[in-house]
Amino acid sequence: MRLLVVTATLIMGSLGLNAQQVQKQKGTDGKGIASFYHDKFEGRQTATGEIFDNDKFTAASNKLKLGSYAKVTNLTNGEVVYVKINDRMNASNERLIDLASVAAKKLNFQGNGVTKVKVEAVSAQEGRMAISFQNRAKAGSTTNRL
């Protein structure tokens, strides 16, 4: 039993997680409706103080902590995107998450306006790495079109 506890602690430590973070993340997962920001919010200040940019992989959520990261899966087509939570939605908004246009495009639902999603909190390390990869892929696809 002691070996199991030590092994689990080492694994979580190597992933940059502790038991408290894992517990917090577990309660923030959910399924619901995603939408995306209107262009009129471009250049406005978000709840974290950042300036909103529809070309960055960010999102607004009333469930996830500001500054946290999330993996968002489109339940209609299986597409996945990682985002950083940098804003809050209107308190009366029943949607689960509001994504920047670049994220909605990656999930392939911009034409519909909304889609059903699964949102999972992820570690900061995983979120930053995935967003970095998405940015490189986005830059590569722009270059390939020229």
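Relevant structure appears above.
Now for a look at the structure at hand. As a convention, each chain's residues are numbered from 1 in the sequence order in which they are written. Given that the model is predicted, a residue must reach a pLDDT of at least 70 before its local features are reported, and side-chain atom pairs must reach 80 or more before they are shown or counted; all residues, however, enter totals for whole chains, interfaces and linings. The side-chain numbers reported here are obtained from all heavy atoms of the structure, hydrogens and water having been left aside.

**Describing the overall build of the chain**
Part 1 of the reasoning: Under the DSSP-based scheme used, a helix requires at least four consecutive residues in state H or I and a strand at least two consecutive residues in state E, with every element numbered from the N terminus. Looking only at helices and strands, one finds four helices and six strands in the chain.
Part 2 of the reasoning: Sequence-ordered secondary structure for the chain, helices as α and strands as β, is α-α-β-β-β-β-β-α-β-α.
Part 3 of the reasoning: Exposure classes here rest on a 1.4 Å probe applied to the protein chains alone. A residue is buried below 20% of its type maximum, exposed above 50%, and partly exposed in between. Here the chain holds 146 residues, and 34% of them are scored as buried.
Part 4 of the reasoning: Considering only intrachain contacts with a sequence separation of at least 6, the fraction spanning at least 24 residues in the chain is 72%.
Part 5 of the reasoning: Surface accessibility follows the Shrake-Rupley procedure with a 1.4 Å probe radius. Residue values consider only the protein chains on display as shielding. Counting only carbon and sulfur atoms, one obtains 54% of the accessible surface of the chain, whose full area is about 9100 Å². Two residues qualify as a contact provided that any one of their heavy atoms is within 4.5 Å of a heavy atom in the partner residue.

**Digging into the nonpolar core**
Part 1 of the reasoning: In these notes, a set of buried Ala, Val, Leu, Ile, Met, Phe, Trp, Tyr and Cys residues joined through side-chain atoms within 4.5 Å is what counts as a nonpolar core. Ranked by internal contacts, the top residues of the largest apolar core, which has 30 residues, are F57, V72, V81, V83, I97, L99 and V119.
Part 2 of the reasoning: Looking at this core, the elements that each hand over two or more residues are β2 (58–60), β3 (69–74), β4 (80–87), β5 (97–99), α3 (101–106), β6 (114–122) and α4 (124–145).

**Notes on the sheet that holds β3**
Each strand in a sheet pairs with its neighbour through backbone hydrogen bonds, running either in the same direction (parallel) or in the opposite one (antiparallel).
Part 1 of the reasoning: Two strands qualify as a pair provided DSSP detects at least 2 bridges between them. Sheet architecture is closed into a barrel: six strands sit in the order β1-β5-β2-β4-β3-β6, paired in mixed fashion. Within the sheet, the average angular offset between the axes of one strand and its neighbour, ignoring direction, is 45°.
Part 2 of the reasoning: Pairing between β2 and β4: three bridges, direction parallel. Pairing of A59 across the sheet is with I85, part of β4. The angle between two axes is taken between their N-to-C directions and runs from 0 to 180 degrees, where each axis is a line fitted to C-alpha atoms and a helix contributes only its stretch in contact.

**A short note on the packing of aromatic side chains**
Part 1 of the reasoning: Here a Phe, Tyr or Trp ring, Trp counted by its six-membered ring, pairs with any other such ring whose centre lies within 6.5 Å, and the pair is stacked when the planes are under 30 degrees apart, edge-to-face when over 60, and tilted otherwise. Scanning the model with the defined rule gives three aromatic pairs in all.
Part 2 of the reasoning: With 5.8 Å between their ring centres and 70° between their planes, F36 and F109 make a pair best called edge-to-face. Residue F36 is located in strand β1 (residues 30–36), and its partner F109 is located in the loop between α3 and β6; the two are separated by 73 residues in the primary sequence.
Part 3 of the reasoning: The interplanar angle of 80° and the centroid separation of 5.9 Å between the aromatic rings of Y37 and F41 together place this pair among those described as edge-to-face.
Part 4 of the reasoning: Overall, Y37 belongs to the buried group, its relative accessible area being 5%.

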